[in-house]
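Summary of structural features
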Number of protein chains: 2
Amino acid sequence: MKKKKGQVSTLRSVDRAIAILKAFSEEEPELGVTELSQRLELPKSTVYRLLASLQRGGLVDQDPETEKYRLGIELVRLAGLVLKQIDVRQIARPYLHSLAETSEETVNLTVLTGDGKVINIDGIPSPRMVRNVGWIGREMLPHCISSGKVLLAYLPQQQLERILAKGLPRFTDKTITDPVRLQEELNQVRQQGYAVAQEELEVGLSAVAAPIRNHEGTVIAVISVSGPSFRLSEKISELAQLTKRTADEISYQLGYTG
Amino acid sequence: MKKKKGQVSTLRSVDRAIAILKAFSEEEPELGVTELSQRLELPKSTVYRLLASLQRGGLVDQDPETEKYRLGIELVRLAGLVLKQIDVRQIARPYLHSLAETSEETVNLTVLTGDGKVINIDGIPSPRMVRNVGWIGREMLPHCISSGKVLLAYLPQQQLERILAKGLPRFTDKTITDPVRLQEELNQVRQQGYAVAQEELEVGLSAVAAPIRNHEGTVIAVISVSGPSFRLSEKISELAQLTKRTADEISYQLGYTG
DNA sequence: GCTCATATTTCACATTGTGGAACAACGTTC
DNA sequence: GAACGTTGTTCCACAATGTGAAATATGAGC
């Protein structure tokens, strides 16, 4: 049984730095070294050095006139990342349902993890008995699935090359394992605005995927429809248009108007 | 000449913890221990303990299914404090201008500092030649100025008592130095919704102030009008109503509808 | 110029933070 | 079911960084 994080040892100086951040409130947005020292029962020199780190990191600022400290704007940027993740899931959820009903196939919402893999963060399974089971929370290699192809297509080139350098394992006869061939495939994804993967990960499994953009146009997630090839083969183009339209609607909700 | 914070020594472990926070991005909202270790060129055990502190503090969370880390919701709360401060100044600014034009006196925006003092964070000077000069950034004791009385009036009782326990220095014959008398004064402020200070800080100086509330009704700042007593004495009531109405308009802009 | 309060720096000291290694857990393959 | 690989988690010997009391710097008020 795993210990809760409350039980593992933490770093006292990091704990103290976080306590400083939490000392600020709406009623008391500005605090000085001495006040923080008294409030947190720490020596002033300790508080001073902690503030130096927080300030260098942008998590607090010092007002040059009053010498008081306040929370820094970098917190707004970091918090924006949190809110954006919450936003995507919540905003996308009804569209996933809608697309699953219309297509009668499994629909997933996918993002990149940090190490060049992709992961489903939400999904609606197909109502049919024959369907691919939910893969929420499980990481996958991106080169052989439609959502992965979309995410790779819109990565900065350097990051893409780093991922390709790790190799492209073969899963079926149809898996693309040649980096040059994959780059061509990604060019096509950019051109047509969606990706298709037919039996590249698993025999009998096909999917389409389209990019979801934020207000700046950055691709931050992907919506995909997947199912057995015997059902999807004949309606791939139709599903691609439907998925692309749904992705555009979600992007619009996120502030993308391009 | 003071050193910039970039030049003073900081705490390496706090710097590292902040580097972990900054490693997350919109494109890569989920990162694992090993990925962070590689990205930041730190041993996994070091990253693990840093994450333990950040997680206990709520600045990151671990997804139990994927074991990946993401930025935590506490960042949203802290960032909210930053935005609220920015909001108050920006939202209030045009109202300060308007009140300065209408009253033809100096108008200030005031908040509490952590140690029981108050400070002006914005202000519009009177257009007249005879006026009190700007006191932006300078701390004052609250008991003898109108904006201080408002802020004290809406403090939690414990916090108020802690401040009163520090003593009430006399500045003029009219300064209130008796805590019982001040409590009565603060009761009156709560009843009438504004405060008056006439020559309590300085002979010849008078002011009125009214509370600015956030969407929850919490008093977070104060707007005040001040000037020489020979001008203000006869129009104190009128200025009080004008100031109170301006404060209410700002409060409404901040979401207060009560 | 003196006093006071707060911010900032110094320095001797030791506690906490370090990081390599080991272990645990889990999924995949055979 | 065993073996393997990968990642998360824990352990432990060690020392570097963090500590905090004291000193110094700074600026405002008188």
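Per chain, residue numbering runs from 1 following the sequence as it is written. Ligands are numbered from 1 and chains lettered from A, in the order in which they are written. Two thresholds apply to this predicted model, a pLDDT of at least 70 for residue-level local features and 80 or more for giving and counting side-chain atom pairs, whereas whole-chain, interface and lining totals are computed over all residues. Each side-chain value is derived from all of the structure's non-hydrogen atoms; neither hydrogens nor water enter the calculation.

**Overview of the pattern of salt bridges**
Pairing is possible between side chains that carry opposite charge, provided their charged atoms lie close to one another. Residues and elements named next belong to chain B. Just to be clear on terms, a salt bridge is a Lys or Arg side-chain nitrogen sitting within 4 Å of an Asp or Glu carboxyl oxygen. Tallied over the full model, the rule gives 24 salt bridges over all chains. The partner of glutamate 35 in a salt bridge is arginine 39, with the nearest N and O atoms 2.7 Å apart. Placement of the pair is glutamate 35 and arginine 39 together in helix α2 (residues 33-40), with a separation of 4 residues, close to one helical turn. Note that glutamate 200 and lysine 149 form a salt bridge whose closest N and O atoms lie 2.7 Å from each other. Taken as a pair, glutamate 200 in the loop between β6 (195-198) and β7 (205-213) and lysine 149 in helix α5 (residues 146-153) lie far apart in primary sequence, 51 residues in all. In terms of burial, glutamate 200 and lysine 149 fall into one category: buried. Runs of H or I in DSSP of at least four residues are treated as helices and runs of E of at least two as strands, each being numbered from the N terminus. Only protein chains enter the accessibility calculation, which uses a 1.4 Å probe. A residue is then buried if its area is under 20% of the maximum for its type, exposed if over 50%, and partly exposed in between.

**Re the protein's contact with DNA strand C**
Consider each residue's heavy atoms; a residue with any of them within 4 Å of a molecule or strand counts as near. For DNA strand C, the set of nearby residues contains 23 residues, the closest of which are A:Arg12, A:Ser13, A:Thr34, A:Tyr48 and B:Ser45. Sugar and phosphate atoms form 73% of the subset of DNA strand C atoms that lie within 4 Å of the protein. Residue A:Lys44 places a side-chain N or O atom 3.4 Å away from a base nitrogen belonging to DNA strand C. Each polar contact in these results corresponds to two N or O atoms within 3.5 Å; when the atoms are within protein, one needs to be able to donate a hydrogen and the other to accept it, and residues that are neighboring in sequence are counted only if both atoms are side-chain atoms. Taking B:Ser45, its side chain carries an N or O atom lying 2.9 Å from a base oxygen of DNA strand C. At the level of secondary structure, the elements contributing two or more residues to the surface near DNA strand C comprise α1 (12-23), α2 (33-40) and α3 (44-56) of chain A together with α1 (12-23) and α3 (44-56) of chain B. Only Asp, Glu, Lys and Arg are considered charged, only Ala, Val, Leu, Ile, Met, Phe, Trp, Tyr, Cys and Pro nonpolar, and every remaining residue, Gly among them, polar. Considering only residue class, the surface near DNA strand C consists of 6 nonpolar, 9 polar and 8 charged.

**Points about the domain arrangement of chain A**
Under the domain assignment, chain A is made up of domain 1 (12-72) and domain 2 (82-253). Segmentation into domains, and thus their bounds, comes from an automatic or database assignment. Of note, the centres of domain 1 of chain A and domain 2 of chain A, computed from C-alpha atoms alone, are 44 Å apart.

**Side note on the pairing of strand β7 (residues 205-213) of chain A**
All names here are of chain A. Of all 9 residues in β7, 9 are buried, a share of seventy percent or more. Strand pairing follows a simple DSSP-based rule, namely that at least 2 bridges must link the two strands. Two elements, strand β6 (residues 195-198) and β7, share 4 bridges in a ladder whose sense is antiparallel. When the bridges of β7 are listed, alanine 197 appears paired with alanine 207. Of the strand pairs in this sheet, β7 and strand β8 (residues 219-228) are connected by 9 bridges, and their pairing is antiparallel. Note on β8: the bridge partner recorded for alanine 210 is isoleucine 223. Following β7, the chain reverses through 5 residues before pairing antiparallel with β8; glycine 217 in that reversal takes a positive phi of roughly 95°.

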